[in-house]
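# Structure at a glance
For reference, the chains in residue letters:
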Amino acid sequence: MRLKKRVAIVTGAATGIGQAIAVALASEGAAVVVDYVGKSQLADETLQKIAAAGVQGISVEADVSDPAQVQKLVEQAVGKFGKLDILVNNAGIEFKQPFLDFPFDLWQKIIAVDLTGPWLCAQAAARQMVKQGNGGRIINISSVHEDLPMPTNAPYCAAKGGLRMLTRTIALELAPHKITVNNIGPGAIYTPIDKDVEADPNMEKQLMAEIPLGRWGRPEEVAELAVFLASDAAAYITGSTHFIDGGMLRMAGSL
Ligand code: NAD
C-alpha cells in the first residue's frame, strides 16, 4: 500500500483516465474525492470501484473552470477527510475543427476547462497543502500535444502547451513547501475522448501507424504512472512531463 492514509482529489473522475486513476489511488490505500460534471451515475460507478478497494470515497459535482465550485471541491474534501495530499488535474475536453472556422466560444470553453481549470484546482489545493505543512503532490494530465502540434485541435494544443509551462513554473514556487508538480503526457489512450477516431477504422489505422508500439494505451497504464508520481518514491521528481505514449513522440517527424 503506497498511499495509505493519503487523501486525493481526482477531477473528471467519472470516466476514462480519471476513473482509472481514482481506482488505482484507492487500491494503494488513498481516500478519493471523485470530481465530476453531469451524470452522477458515472461518478457512482467510480465510487463503487473505490469501495471495492476497501477505502472511502465521495463524489462532488464541480466544474473545474468555476472558481467557486473549485473552492467548494477542496472544502468538501477537507471537510470529509480532514486534509488533502494529492490533486490529480485530469478533467479535459477537446473539439476538432479547422483553425479558420474555429468558433471563439469553443476556444474560450476549452481554455477554461483544460488550462484555467488546472490553475484554479492547483491554487486551491496548494493553499490547503501549504497550510497543512506536510508537502503534497499535484499531477496534471497533459498530453503529447503539450509538445506535438495537431491540426484542427489548436485550442487543446494551446491549453496543454500552457499546462506544460504552468507546471514548470509553479513547481519552482511550490518546491520550498515540498509540494511536487508534474505532468503526465499520454499519447493515444482508449477512452471516450477519442470516440471519433475509435469509430473510424481508417483514422484508427493511420493513428496506429504513428505509434511504434502499435496499439492504444490503456487508462490503467496511465493510472500506474500517476500512482508512482503520487507516492513517496517520487519525492525528488518535480517540474517535469512524463510521457506515456508507446513511442509516439519519438516517431513524429521521423520520415
Ligand atoms: P474522458 O472524456 O473520458 O474524460 C474527461 C473527463 O473530464 C470526463 O469525465 C468529463 O465529464 C470531465 N470534464 C469535462 N469538463 C469538465 C469540467 N468543466 N469540470 C470537471 N470535469 C469535467 O477522456 P479521457 O481520455 O479520460 O481524458 C482525461 C484527460 O486525459 C484529459 O485531460 C485529456 O486531455 C487527457 N488525455 C487523454 C488522451 C487520450 O488519448 N484519451 C490523450 C492525452 C491526454
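Our structure's up above, just so we're on the same page.
Residues numbered from 1 in each chain as written. Predicted model: local features only at pLDDT ≥ 70, side-chain atom pairs only at ≥ 80, totals over all residues. Heavy atoms only, no water.

## A word on the overall build of the chain
When helices and strands are tallied, the chain shows nine helices and seven strands. The C-alpha atoms of the chain give a radius of gyration of 17 Å, which matches the 18 Å a tight globule of 255 residues would have. In terms of overall dimensions, the chain has a C-alpha envelope of 50 × 35 × 35 Å along the principal axes. By residue count, 49% of the 255 residues in the chain fall in the buried class. Sequence-distant contacts in the chain: of pairs separated by 6 or more residues, those separated by 24 or more amount to 72%. When the accessible surface of the chain is split by element, carbon and sulfur atoms take 57% of a total near 12,200 Å². Of the side chains in the chain, 23 bear a positive and 27 a negative charge, and the two mean positions are spaced by 8 Å. (Helix = DSSP H or I, 4+ residues; strand = E, 2+ residues; numbered from the N terminus. Rg over C-alpha atoms; globule rule 2.2 N^0.38 Å. Buried < 20%, exposed > 50% of the residue type's maximum accessible area, 1.4 Å probe, protein only. Contact = heavy atoms within 4.5 Å. Areas by Shrake-Rupley, 256 points an atom, 1.4 Å probe, with all protein chains shown as cover. Lys, Arg positive; Asp, Glu negative; His and termini not counted. Charge placed at Lys NZ, Arg CZ, Asp CG, Glu CD.)

## A word on the packing of helix H4 (residues 104-132) against helix H5 (residues 154-174)
To characterise two packed helices, one gives the angle between the axes of the helices and the distance between these axes. As a packed pair, H4 and H5 sit with axes 9 Å apart at the nearest point and diverge in direction by 15°. For the element pair H4 / H5, the angle class is roughly parallel. Read as a crossing pair, H4 and H5 show a hand that is right-handed. On H5, the residues that touch Trp-107, Ile-110, Ile-111, Asp-114, Leu-115, Pro-118, Trp-119, Ala-122 and Ala-126 of H4 are Pro-155, Tyr-156, Ala-158, Ala-159, Gly-162, Leu-163, Leu-166, Ile-170 and Leu-174. Split into classes, the residues belonging to the contact of H4 with H5 amount to 16 nonpolar, one polar and one charged. (Axes fitted to C-alpha atoms, helices over the stretch in contact; angles between N-to-C directions. Parallel < 35°, antiparallel > 145°, perpendicular 65-115°, else oblique. Left-handed = near helix turned anticlockwise from the far one by under 90°. Nonpolar A, V, L, I, M, F, W, Y, C, P; charged D, E, K, R; others polar.)

## Description of the site of the ligand
In the vicinity of the ligand lie 27 residues, with Thr-15, Asn-90, Tyr-156, Thr-191 and Asp-194 positioned nearest. Here an oxygen atom of the ligand and a side-chain polar atom of Tyr-156 are 2.6 Å apart. Relative to its free-state accessible area of 820 Å², the ligand is covered by the protein chains to the extent of 91%. For the shell around the ligand, the secondary structure elements donating two or more residues are helix H1 (16-27) and H5. Residue composition of the shell around the ligand, by class: 14 nonpolar, nine polar and four charged. (Near = heavy atom within 4 Å. Polar contact = N/O pair within 3.5 Å; in protein donor to acceptor, adjacent residues only side chain to side chain.)

## What about the pattern of salt bridges?
Overall, the coordinates contain nine salt bridges when judged by the stated rule. Note that Arg-2 is salt-bridged to Glu-224, the shortest N-O span being 3.7 Å. Taken together, the residues span a long stretch of sequence, with Arg-2 in the segment before strand S1 (7-10) and Glu-224 in helix H8 (residues 219-230) at a distance of 222 residues. Here Arg-2 falls in the partly exposed class, since its relative accessible area comes to 36%. Glu-224 sits in the partly exposed class, given a relative accessible area of 45%. Residue Arg-6 is joined to Asp-232 by a salt bridge in which the shortest nitrogen-to-oxygen separation is 3.2 Å. (Salt bridge = Lys/Arg side-chain N within 4 Å of Asp/Glu carboxyl O.)

## Quick notes on the packing of aromatic side chains
Per the stated rule, a full pass over the model turns up two aromatic pairs. Here the aromatic rings of Phe-95 and Phe-102 are separated by 5.8 Å at their centres, their planes lie at 85°, and the arrangement is edge-to-face. Since its relative accessible area comes to 14%, Phe-102 is described here as buried. Ring plane angle 85° and centroid distance 5.2 Å describe the contact between Tyr-190 and Trp-216, whose orientation is recorded as edge-to-face. Residue Tyr-190 is found in the loop between strand S6 (179-186) and helix H6 (195-198), and its partner Trp-216 is found in the loop between helix H7 (201-209) and H8; the two are separated by 26 residues along the sequence. Here Trp-216 falls in the buried class, since its relative accessible area comes to 11%. (Phe/Tyr/Trp six-rings, centres within 6.5 Å; stacked < 30°, edge-to-face > 60°.)

## Section: the side chain of Asn-183
Among the secondary structure elements, Asn-183 is positioned in strand S6. A relative accessible area of 0% means that Asn-183 is categorised as buried. A polar side-chain atom of Asn-183 sits 2.4 Å from a polar atom in the side chain of Thr-167. Beyond its immediate stretch of four places on either side in the chain, Asn-183 contacts Asn-140, Ser-142, Glu-146, Leu-163, Arg-164, Thr-167, Ser-240, Thr-241 and His-242.

Spatial relationships are all this shows, so hold off on functional conclusions.
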